[in-house]
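# Residue-level structure breakdown
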Amino acid sequence: MYLPHLIILYLNTLMANLYLIGIIYEELYVYIMGKRGPKPQFTDVACPNKGCKLYGLTGQGNVTGNGTYISRGEKTRRYRCHACGKAFCNHTGTFYHDLRKDDKTIDLALKMSMKGMSIQAIADVLEVQPASVKRWLSRAAEQCDKVNDTMMKNVDVSKVEMDELWVIIQKNIPHE
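A few points on the structure. What you are looking at is a predicted structure, and each value in this text was computed from that prediction instead of being measured.

### A word on the overall build of the protein
Within the protein one finds five helices and three strands. Reading the protein from its N end, one meets helices and strands in the order α-β-β-β-α-α-α-α. Relative to all contacts within the protein whose residues are 6 or more apart in sequence, the contacts with residues 24 or more apart total 32%.

### Structural notes on the sheet that holds strand β1 (residues 63–71)
Pairing in this open sheet of three strands is antiparallel, and the strands run β1-β2-β3 from one edge to the other. If you trace the sheet from one side to the other, it starts and ends with β1 and β3 (87–89), each paired once. Shown here is a sheet whose adjacent strand axes are inclined to one another by a mean of 30°, direction ignored. Here β1 pairs with strand β2 (residues 74–81) via seven bridges, running antiparallel. Opposite Gly-65, over in β2, you have Tyr-79 as the bridge partner.

### Digging into the packing of helix α2 (residues 103–114) against helix α4 (residues 130–151)
Where α2 meets α4, the closest approach of the two axes is 10 Å, and the angle between their N-to-C directions is 80°. With respect to α4, the axis of α2 lies roughly perpendicular. Seen from α2, the contacting residues are Thr-105, Ile-106, Ala-109, Leu-110 and Ser-113; seen from α4, they are Trp-136, Leu-137 and Ala-140. Here the contact of α2 with α4 is composed, by residue class, of six nonpolar, two polar and no charged.

### Regarding α2
The end-to-end C-alpha distance of α2, which contains 12 residues, comes to 17 Å, matching closely the 16 Å that a straight helix rising 1.5 Å per residue would cover. Within the span of α2, buried status applies to Asp-103, Thr-105, Ile-106, Ala-109, Leu-110 and Met-112. Tucked into the core, α2 has its buried residues touching β2, α3 (119–126) and α4. Immediately beyond the C-terminal end of α2, within one or two residues, lies Gly-116, with a positive phi of roughly 100°.

### What about α3?
Turning to α3, its buried residues number three or more, namely Ile-122, Ala-123 and Leu-126. One side of α3 holds all its buried residues, which, seen down the axis, span an arc of 100°. Phi turns positive one or two residues past the end of α3, at Glu-127, with a value near 55°.

Rules behind the numbers
- Residues numbered from 1 in each chain as written.
- Predicted model: local features only at pLDDT ≥ 70, side-chain atom pairs only at ≥ 80, totals over all residues.
- Heavy atoms only, no water.
- Helix = DSSP H or I, 4+ residues; strand = E, 2+ residues; numbered from the N terminus.
- Contact = heavy atoms within 4.5 Å.
- Pairing = 2+ DSSP bridges.
- Axes fitted to C-alpha atoms, helices over the stretch in contact; angles between N-to-C directions.
- Parallel < 35°, antiparallel > 145°, perpendicular 65-115°, else oblique.
- Nonpolar A, V, L, I, M, F, W, Y, C, P; charged D, E, K, R; others polar.
- Expected span 1.5 Å × (residues − 1).
- Buried < 20%, exposed > 50% of the residue type's maximum accessible area, 1.4 Å probe, protein only.
- Arc of directions from axis to C-beta.

Next comes the structure, spelled out in structure tokens:
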């Protein structure tokens with residue numbers, strides 16, 4: 001082969017490699033930055049899938065944002081775990097998961113119940129069905145049990161503290 005042909009072949013190979021490097025760079029840039037800027041990092045979100053090897057672990061880099069949608073009048077973020085492939089939202093595993101009413105209305109119903117209002121009165125004030133209020137109270141009780149089972153382990157309470165708590169409770173119970 002003549003020297004000019006080798007130079008042209010070398011330049012063609014070099015141009016093809018530069019073109020390939022440019023494509024890889026562009027894809028890497030879009031992966032890191034996203035199409036509209038840098039992708040947010042969700043280091044405080046853990047995968048809720050109990051079958052996932054990174055279940056419950058935060059800061060592992062396996063959870064990324066997967067868009068948002070409007071639910072119950074508020075913006076809800078979707079996530080995806082890249083370790084197991086499960087998609088979930090920020091209400092998954094919480095008290096509010098799969099409820100149709102907004103969080104503020106449900107919270108208000110729970111506060112009214114704690115203040116002693118009847119289920120029928122709460123339903124009338126919030127203009128919802130009494131069955132909905134009962135369901136919310138039941139779910140809240142289940143969630144409290146889960147929190148107690150998780151958080152209240154190996155708690156040493158002295159007898160004196162229990163007596164003091166009982167005195168406070170007796171003061172709040174109406175006597176006949």
